[in-house]
Amino acid sequence: MNVFSSQRSSRKTSVVTGGAGFLGSHLSDRLLAAGHQVIAIDNLLTGNLRNIEHLFGNTDFRFIEHDVTNFIYLPGDIDYVFHFASPASPIDYLEFPIPTLKVGALGTHNALGLAKAKGATYLIASTSEVYGDPLVHPQKEDYWGNVNPIGPRGVYDEAKRFAEAMTMAYHRYHRLDTKIVRIFNTYGPRMRLDDGRVVPAFIGQALANEPLTVFGDGSQTRSFCYVTDLVEGIFRLSTSDTHAPVNIGNPSEMSIRDFGEAIIKRTETSSRLEFKSLPVDDPRVRQPDIALARKLLDWEPLVDFETGIGKTIDYFRPFIESAG
Ligand code: UDP
């Protein structure tokens, strides 16, 4: 018996914390497409029901508004717990530093406890931020990172590092089947226009013909992965027998200045780049080494930048037009 029916179904049931967020909602779509029943949990602090409104008529989908830093009670059988709840953009975790720490720590503990009680497989969304401002480039999973624990970004970086440690403790001590994905910069539809991340910021500014705010001199690099590629990697990881962290991201690296110029060209805007000060502890470089994902999951990104950014621009366009 589970929340969907009074009979034990042979179908898989997955819980997605942060299910109304950018990644959680795309992951829910992918799980439903694979035939899972999905219970999405979200406290809507940074998530939005708009991201899952297309699922509300779907009898395989349930939404529960709940803060997973509090005990999670769910009746019945559960096969997978995907812990994706967290503020995840720099301005969000600067605005909500304590909820960010709590969801990475207490939320991770509760989600692990739920997986343990149900005998479920557990997968935690970790991040390239565990590498901090990396001294190794590109970043491989065996690099331990260069994180400032007390800087403004530390609330997110250390929460995720704690979450990884807690996950491995449940794996080693309780023999829980756990997976850790280290997610690199991901973009696509359902990002929030005002979440402060560079992709929605630049696209929003370009579509509104406003200056693109480049932080620092724009020489810092990021490697952008389209969301459906990321979700496919996560789905494959969930059914793998790997317990060590695995990087999922797109290795095609570019400077923020080049990214801004690409957005200007693509949107045919009259906007220009405008240089602002660099945020504290902003990583200089970031690029995933995905050899492990290639080997273990037979996974690599398929959506090129031109295609992915085109879809993302098309998603944001109506928001700007209705605001203007
Ligand atoms: N950035 C920028 N202008 C903006 C927002 C971000 O130049 O309006 C820069 C930011 O300083 C960082 C990069 O873009 O170097 C990526 O920032 P984002 O917030 O998207 O993610 P991060 O990888 O830093 O977590």
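Throughout what follows, the structure given in this document is the object of discussion.

**A word on unusual backbone geometry**
The phi angle of most residues is negative, glycine excepted, and most peptide bonds adopt the trans form. Histidine 137 connects to proline 138 through a cis peptide bond whose omega is -10°. On the secondary structure map, proline 138 appears in the loop between strand S5 (121-127) and helix H4 (154-174). Phi angles above zero are rare outside glycine, and asparagine 209 is one such case at about 55°. Turning to its location among the elements, asparagine 209 is positioned in the loop between helix H5 (198-207) and strand S8 (212-215). Of note, the phi angle at aspartate 298 is positive, near 50°, even though the residue is not glycine. Within the secondary structure, aspartate 298 is located in the loop between helix H8 (291-297) and helix H9 (305-323).

**Side note on the site of the ligand**
Every one of the 18 residues lining the ligand counts as a neighbour, but Thr213, Phe215, Arg222, Asp282 and Arg286 are closest to it. Contact between the ligand and threonine 213: a nitrogen atom at 2.5 Å from a main-chain N or O atom of the residue. Taken by itself the ligand offers 510 Å² of open surface, and the protein chains cover 95% of this. For the shell around the ligand, the secondary structure elements donating two or more residues are H5 and S8.

**Remarks on the packing of aromatic side chains**
For the structure on display, the rule yields 13 aromatic pairs. Between tyrosine 187 and phenylalanine 305, the aromatic rings sit 6.5 Å apart at their centres with planes inclined by 55°, giving tilted as the arrangement. With tyrosine 187 in strand S7 (residues 186-187) and phenylalanine 305 in helix H9, the pair connects residues that are 118 residues apart, well separated along the chain. Both residues of the pair, tyrosine 187 and phenylalanine 305, belong to the buried class. Between tyrosine 315 and phenylalanine 316 the ring centres are 5.3 Å apart and the planes differ by 65°, which places this aromatic pair in the edge-to-face class. An aromatic cluster is defined as three or more aromatic residues linked by ring pairs; in this entry it consists of Tyr187, Phe202, Phe224, Tyr226, Phe259 and Phe305. Taking the ring centre of phenylalanine 235 as reference, the NZ or CZ of arginine 30 above it sits at 4.1 Å.

**Describing the packing of H5 against helix H7 (residues 256-267)**
At a minimum axis distance of 10 Å, the contact between H5 and H7 shows a crossing angle of 40°. Accordingly, the angle class assigned to the pair H5 and H7 is oblique. In this structure, the crossing between H5 and H7 has a hand that is right-handed. Contacts between H5 and H7 involve Val198, Val199, Phe202, Ile203, Ala206 and Leu207 from the first element and Ile256, Phe259, Gly260, Ile263 and Thr267 from the second. By residue class, the composition of the contact of H5 with H7 is nine nonpolar, two polar and no charged.

**Some points on the sheet that holds S5**
The parallel open sheet is built from seven strands, whose spatial order is S3-S2-S1-S4-S5-S6-S11. Because the sheet does not close on itself, it has two edges, and the strands there are strand S3 (61-65) and strand S11 (246-248). Here the strands of the sheet are splayed against their neighbours by 20° on average, with no regard to which way each runs. Relative to S3, strand S2 (residues 37-42) runs parallel, the two sharing five bridges. Bridge pairing links valine 38 to phenylalanine 61 in S3. Along the sheet face, helix H6 (residues 227-238) touches strand S4 (80-83), S5, strand S6 (178-183) and S11 and points at about 160° away from the line of S6.

Scoring rules and cut-offs
- Residues numbered from 1 in each chain as written.
- Predicted model: local features only at pLDDT ≥ 70, side-chain atom pairs only at ≥ 80, totals over all residues.
- Heavy atoms only, no water.
- Helix = DSSP H or I, 4+ residues; strand = E, 2+ residues; numbered from the N terminus.
- Near = heavy atom within 4 Å.
- Polar contact = N/O pair within 3.5 Å; in protein donor to acceptor, adjacent residues only side chain to side chain.
- Areas by Shrake-Rupley, 256 points an atom, 1.4 Å probe, with all protein chains shown as cover.
- Phe/Tyr/Trp six-rings, centres within 6.5 Å; stacked < 30°, edge-to-face > 60°.
- Buried < 20%, exposed > 50% of the residue type's maximum accessible area, 1.4 Å probe, protein only.
- Lys NZ or Arg CZ within 6 Å of the ring centre and 35° of its normal.
- Axes fitted to C-alpha atoms, helices over the stretch in contact; angles between N-to-C directions.
- Parallel < 35°, antiparallel > 145°, perpendicular 65-115°, else oblique.
- Left-handed = near helix turned anticlockwise from the far one by under 90°.
- Contact = heavy atoms within 4.5 Å.
- Nonpolar A, V, L, I, M, F, W, Y, C, P; charged D, E, K, R; others polar.
- Pairing = 2+ DSSP bridges.

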